[in-house]
Amino acid sequence: MPWDNPYLGSKGAQIALFDSLVTAHPTRLRKESIGKTLEGRDIPLYRLGNPGGGKWLFDGAIHGCSDLSTIMHHRFLKWLLESNDPAANNIVATKQLLCVPILNVDRATRKNARNGYWPNGVDLNRNFPHNWANAGTTDPTNDYYRGTAPASEPETQAMIQTFDREKPEIYTNFHNWGGPLNSSYNYTASQKTFADAIMAKYVTLANQMQQQIYPYQSQGLGAGFITSEAAKHGVKASFILEVVYMNGTPVPPNFNNLPTIDMIDSYYFPRVLPYYMTISQALSDGPIGQNVVPLAILALVTLFMWGM
């Protein structure tokens with residue numbers, strides 16, 4: 001099928017990983033659909049945490065080949081639900097997390113299913129309304145094809161509706177195959193200030209957990225980007241994190257540049273865990289969150305439990 005990935009499994013198999021967590025934790029993790037893809041498949045959202053807590057909306061595979069982030073999101077939700085780490089328990093008790101693990105469910109290639117198979121299709125990350133006229137290209141066979149109109153694609157529309165309905169405090173768009181890239185996209189000065197403060201805490205936590213840091217930069221809004229759309233919809237901070245090195249840049253010994261499950265579990269997820277933790281802890285607390293253990297203390301406990 002065109003939506004199979006030989007390295008990390010089919011999109012259906014990836015979604016089944018998340019569904020198994022729902023089955024194991026039916027009172028804590030809920031599956032929803034934010035809409036349909038071009039070919040009529042559900043776009044799943046998984047909701048976890050305190051209903052009164054601040055919301056972090058994060059996604060994966062806006063480009064169908066960027067599904068390393070999908071598997072990392074599964075590992076993060078599993079860590080929250082099953083590790084019994086004090087930091088994980090604290091996040092679940094006080095924050096609300098909304099995970100869309102796969103946005104481009106129809107394809108394992110960069111673009112969506114518009115007009116058949118690659119090189120056709122729309123780059124969903126050039127299809128959002130902000131400054132769409134300057135986004136990507138008008139060539140339908142180009143990897144950066146922006147579509148026929150702003151938000152022409154159902155996947156794009158589903159995410160815009162999710163921003164409007166959920167009103168998340170923080171949004172992160174996860175990618176792989178390029179980078180590394182860790183950036184915020186800011187529409188207002190207050191968004192930049194908030195994002196910069198979060199990333200300063202991320203650096204501190206990553207150092208405490210003895211993990212490599214994804215260097216951070218703040219930017220203005222990009223044309224047609226989902227991160228720009230989130231910023232325009234009023235999130236307090238809008239980020240992109242691109243997690244894979246390629247083209248000869250360093251990867252761990254004995255790994256090639258194709259993401260594998262072993263690579264995720266032994267290298268990428270531990271490295272990105274401080275990012276997940278920092279963003280989660282930056283959210284507003286829910287009603288039971290008055291006696292929250294400080295993140296620095298939780299980081300030391302997590303470090304001890306992981307034996308790092």
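Preceding this paragraph is the structure being described.
No experiment lies behind these values; they were computed from the predicted model shown. (Residues numbered from 1 in each chain as written. Predicted model: local features only at pLDDT ≥ 70, side-chain atom pairs only at ≥ 80, totals over all residues. Heavy atoms only, no water.)

> Summarise the overall build of the protein; cite the residues concerned and give the values.
The secondary structure content of the protein amounts to eight helices and eight strands. Within the span of the protein, comprising 308 residues, buried residues form 56% of the whole. In the protein, once contacts between residues fewer than 6 apart in sequence are set aside, the share between residues at least 24 apart is 75%. (Helix = DSSP H or I, 4+ residues; strand = E, 2+ residues; numbered from the N terminus. Buried < 20%, exposed > 50% of the residue type's maximum accessible area, 1.4 Å probe, protein only. Contact = heavy atoms within 4.5 Å.)

> How would you explain the sheet that holds strand 4 (residues 96-100) if you had to name every residue and give the values?
Taken in spatial order, the eight strands line up as 1-2-4-3-5-8-6-7 in an open sheet, and their pairing is mixed. The outermost strands of the open sheet, each flanked by one partner alone, are strand 1 (29-36) and strand 7 (216-219). Strand-to-strand twist of the sheet, defined as the mean angle between neighbouring strand axes without regard to direction, takes the value 20 degrees. With four bridges connecting them, strand 6 (residues 181-185) and strand 8 (residues 237-242) associate as antiparallel partners. From the neighbouring strand, S184 faces strand 8, where its bridge partner is F239. (Pairing = 2+ DSSP bridges. Axes fitted to C-alpha atoms, helices over the stretch in contact; angles between N-to-C directions.)

> For the layout of surface pockets, give the residues involved together with the corresponding values.
The space that makes up the largest pocket amounts to roughly 290 Å³. Every residue lining the largest pocket is counted, 16 residues in all, and those nearest its centre are H63, R110, H175, N176 and E242. Of all the elements in the fold, those that place two or more residues in the lining of the largest pocket are strand 6 and strand 8. Of the residues assigned to the lining of the largest pocket, the class counts are seven nonpolar, six polar and three charged. (1 Å grid on protein atoms, 1.4 Å probe; cavity = no way out; pocket = protein on both sides within 12 Å on 5 of 7 lines; lining within 4 Å. Points joined across faces, edges and corners; volume = space filled by probe spheres on them. Nonpolar A, V, L, I, M, F, W, Y, C, P; charged D, E, K, R; others polar.)

> Please give an account of the environment of Y46 that cites residues and values.
As for its placement among the helices and strands, Y46 is situated in strand 2 (residues 42-49). Judged by relative accessible area, which is 0%, Y46 ranks as buried. Each C-alpha atom of the pair Y46 and D19 lies 9.0 Å from the other, and the pair is 27 residues apart in sequence. Every residue in contact with Y46, bar those within four places of it in the chain, is listed here: I15, F18, D19, V22, L29, R30, K31, L77, L97, L98, C99 and P101. Polar contacts involving the side chain of Y46 include one to the side chain of D19, which spans 2.6 Å. (Polar contact = N/O pair within 3.5 Å; in protein donor to acceptor, adjacent residues only side chain to side chain.)

> Could you give an account of the pattern of salt bridges, with specific residues and numbers?
On inspection of all chains with the given rule, the structure shows 18 salt bridges. The salt bridge involving R110 is made with D123; its shortest N-O contact spans 2.8 Å. With a gap of 13 residues between them, R110 in the loop between strand 4 and helix 4 (154-166) and D123 in the loop between strand 4 and helix 4 connect regions that are remote in the sequence. You'll find R110 and D123 in the same group, each marked buried. Salt-bridge contacts for E166 lead to R165; the nearest nitrogen and oxygen are separated by 3.6 Å. (Salt bridge = Lys/Arg side-chain N within 4 Å of Asp/Glu carboxyl O.)

> Let's hear about helix 1 (residues 11-24): which residues, and what values?
Look at helix 1: 20 Å from first C-alpha to last across 14 residues, which is about the 20 Å you get at 1.5 Å a residue. All of the buried residues in helix 1 are K11, Q14, I15, F18, L21 and V22. Packed against the buried residues of helix 1 are strand 1, strand 2, helix 2 (68-82) and strand 4. (Expected span 1.5 Å × (residues − 1).)

> Any details on the side chain of S238? Residues and values, ideally.
Structurally, S238 is set in strand 8. A polar contact of 2.8 Å, which involves the side chain of S238, links it to the backbone oxygen of T227. Among all residues touching S238, those that are not within four sequence positions of it are Y171, S183, S184, Y185, T227, A230 and A231.

> Talk me through the packing of aromatic side chains; I want residue IDs and the actual numbers.
As enumerated under the stated definition, the model contains 17 aromatic pairs in all. Considering the side-chain rings of F58 and Y276, the 6.3 Å spacing of their centres and the 70 degrees angle between planes classify their relative orientation as edge-to-face. Of the two residues, F58 sits in strand 3 (residues 55-59) while Y276 sits in helix 7 (residues 261-281), which places them 218 residues apart along the sequence. A single burial state applies to F58 and to Y276, both of which are buried. Considering the side-chain rings of F76 and W79, the 6.1 Å spacing of their centres and the 20 degrees angle between planes classify their relative orientation as stacked. With F76 and W79 both in helix 2 and three residues apart, the pair spans about one turn of that helix. With a relative accessible area of 0%, F76 lands in the buried category. The buried category is assigned to W79, whose relative accessible area is 6%. Connected via pairs of aromatic rings, a cluster forms that spans W56, F58, F76, W79, F174, Y202, F239, F269, Y275 and Y276. (Phe/Tyr/Trp six-rings, centres within 6.5 Å; stacked < 30°, edge-to-face > 60°.)

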